[in-house]
Amino acid sequence: MTEQILLAFAEAWSSKNPDAIMTFFAGNCRYAPSICIGEKSVFEGEIEVRKAVKMLIEFDNSISSSVKNIFVNDDFGFWEWEYITQDDEKIMGCDAFKFRGNKIIEKNAFRKINL
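Okay, so let's go over this structure.

About the criteria used
- Residues numbered from 1 in each chain as written.
- Predicted model: local features only at pLDDT ≥ 70, side-chain atom pairs only at ≥ 80, totals over all residues.
- Heavy atoms only, no water.
- Salt bridge = Lys/Arg side-chain N within 4 Å of Asp/Glu carboxyl O.
- Helix = DSSP H or I, 4+ residues; strand = E, 2+ residues; numbered from the N terminus.
- Buried < 20%, exposed > 50% of the residue type's maximum accessible area, 1.4 Å probe, protein only.

**Some details on the pattern of salt bridges**
- Going through the model one piece at a time under the given rule, you end up with seven salt bridges.
- A salt bridge links R50 to D19, with the nearest nitrogen and oxygen atoms 2.7 Å apart. One end of the pair, R50, is in helix 3 (residues 46-59); the other, D19, is in helix 2 (residues 18-22), with 31 residues separating them in the sequence.
- With relative accessibility at 23%, the residue R50 sits in the partly exposed group.
- Using a relative accessible area of 51% as the deciding quantity, one classes D19 as exposed.
- E82 is the salt-bridge partner of K90, the closest N and O atoms lying 3.8 Å from each other.
- Residue K90 is classed as partly exposed on the basis of its relative accessible area of 45%.
- With a relative accessible area of 25%, E82 lands in the partly exposed category.
- Taken together, the shared-partner salt bridges connect R30, E44, K98 and E106 into one network.

Quick look at the structure:
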């Protein structure tokens, strides 16, 4: 995996296109979103992850998103992200990744909650 490929993944995520997003995941992937979607907090396999991606896109009403501090080391990666919502709210978080080659096998997301 490379930082350039993760940046392309970030662009796919910003485009809110599930088909483009899923090209970066391996078939036996795992996704733990930063929020509980429906009744699940972890999705496994391409079909379930695609479903979670679609639900998260519908949930997040972001008008812009960006990533920074991208780090890749062999089969592990990390980045920080920020969304700006339609209500001009800033939401921040980070993702920890596991890779197999140039594919994401796990995306574990964490969202900062303002209390």
